[in-house]
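What follows is the residue order along each chain.
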Amino acid sequence: MNRSDLDWHYIRRHTLRPSICLLVAALTLGFAVWTHGKHEQLFLELNANHEAVHEDYAALVKQRKIVDRYHRRYQRFGELGFIGRESRLDWVETLRITSESLGIPRLSYSIEPQTGVVAPVSSILGGENIQIRVSRMQLEMGLVHEIDLLRFFDALQQQAPGLIKVDQCDLAFLGDANVSIGEHNLSANCAVQIFSVITSDVDGDSA
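The text that follows walks through the structure, step by step, so that each part is easy to find. (Residues numbered from 1 in each chain as written. Predicted model: local features only at pLDDT ≥ 70, side-chain atom pairs only at ≥ 80, totals over all residues. Heavy atoms only, no water.)

Quick notes on the state of the cysteines
Next, step 1: Applying the stated criterion across every chain yields a total of one disulfide.
Next, step 2: In this model C169 forms its disulfide with C190; the gap between the sulfur atoms is 2.0 Å. Measuring handedness by torsion sign, the sulfur bridge of C169 and C190 sits at about 115 degrees and is right-handed. With C169 in strand β4 (residues 163–173) and C190 in strand β5 (residues 186–199), this residue pair connects regions lying 21 residues apart in the sequence.
Next, step 3: Overall, the relative accessible area of 29% leaves C169 in the partly exposed class.
Next, step 4: For C190, a relative accessible area of 0% puts it in the buried group. (Disulfide = S-S within 2.5 Å. Helix = DSSP H or I, 4+ residues; strand = E, 2+ residues; numbered from the N terminus. Buried < 20%, exposed > 50% of the residue type's maximum accessible area, 1.4 Å probe, protein only.)

Observations concerning the pattern of salt bridges
Next, step 1: For the coordinates displayed, the defined rule picks out five salt bridges.
Next, step 2: Note that R64 and D68 form a salt bridge whose closest N and O atoms lie 3.2 Å from each other. Here D68 and R64 lie together in helix α1 (residues 8–80), a separation of four residues that amounts to about one turn.
Next, step 3: Between E100 and R96 there is a salt bridge, and its shortest N-O distance comes to 3.2 Å. In this pair, E100 and R96 both sit in helix α2 (residues 88–102), four residues apart, roughly one turn of the helix.
Next, step 4: Judged by relative accessible area, which is 55%, E100 ranks as exposed.
Next, step 5: A relative accessible area of 38% places R96 in the partly exposed class.
Next, step 6: Each of the salt bridges in this network shares a partner with another, and the network as a whole consists of E93, R96 and E100. (Salt bridge = Lys/Arg side-chain N within 4 Å of Asp/Glu carboxyl O.)

A word on the packing of α2 against helix α3 (residues 147–159)
Next, step 1: With their axes 10 Å apart at the nearest point, α2 and α3 run at an angle of 140 degrees to one another. Considered as vectors, α2 and α3 are oriented oblique to each other. Taken as a pair, α2 and α3 cross one another with a handedness that is right-handed. In contact with W91, T94, L95, T98, S99 and L102 of α2, α3 contributes R151, F152, A155, L156 and Q159.
Next, step 2: Grouping the amino acids of the contact of α2 with α3 by side-chain chemistry returns six nonpolar, four polar and one charged. (Axes fitted to C-alpha atoms, helices over the stretch in contact; angles between N-to-C directions. Parallel < 35°, antiparallel > 145°, perpendicular 65-115°, else oblique. Left-handed = near helix turned anticlockwise from the far one by under 90°. Contact = heavy atoms within 4.5 Å. Nonpolar A, V, L, I, M, F, W, Y, C, P; charged D, E, K, R; others polar.)

Concerning the pairing of β5
Next, step 1: Burial analysis of β5 places twelve of its 14 residues in the buried class, the great majority of the element.
Next, step 2: In terms of strand pairing, strand β3 (residues 130–143) meets β5 through 14 bridges, oriented antiparallel. Of the residues in β5, the one forming a bridge with R136 is Q193.
Next, step 3: When β4 meets β5, the two strands line up antiparallel, connected through ten bridges. Note on β5: the bridge partner recorded for D170 is N189. (Pairing = 2+ DSSP bridges.)

Description of the packing of aromatic side chains
Next, step 1: For the coordinates displayed, the defined rule picks out two aromatic pairs.
Next, step 2: Here F31 and W34 contribute two aromatic rings whose centre-to-centre distance is 6.0 Å and whose plane-to-plane angle is 35 degrees, an arrangement assigned as tilted. Taken together, the residues span about one helical turn, with F31 and W34 both in helix α1 at a distance of three residues. This pair shows no difference in class: F31 is exposed, exactly as W34 is.
Next, step 3: Arranged with centres 5.4 Å apart and planes meeting at 75 degrees, the rings of F152 and F153 form a pair that is edge-to-face. With respect to burial, F152 and F153 carry one shared label: buried. (Phe/Tyr/Trp six-rings, centres within 6.5 Å; stacked < 30°, edge-to-face > 60°.)

Below, the structure written as structure tokens:
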């Protein structure tokens, strides 16, 4: 049997449809593989973008929490008088009220002019927009008991504007311990520093 004996018409008639189906199937498979590859690449890109956006969002939420926390602290320090211009009238009034409420027999004071302070640690966030200032005050008090001194500074810390630091206190007895009730038998001489912070949005002139 040779090739001339083959019925090519019969063969074509019975193999044409399967061949076409096979070709269509091959083309469809190739297109599906190509489409899958394209969509897989797109998915990887979108997934990477999603993770980057998620990381940026998480970092933004963290920064927002930090800003909120420090903003609350800033507001609290502002309410305490630590941030803002120094008010010496408020200080004088606070000294008077505190001494009267605690029954301090005698109180005198002197305050030096406010000066700048070189911060021990500089901040790249603050720079020249933040200035630390201090006023040095000398207090002389007559006391009935030693505990009156602690009570006085405790009340001063809570009520007076700004942040205070007691550098030194010298106590001295005033002679005979047999004194009348309400009379002072102790003398206290204390050096105090009053700190305040001036930011760029605050007028730095003291009152």
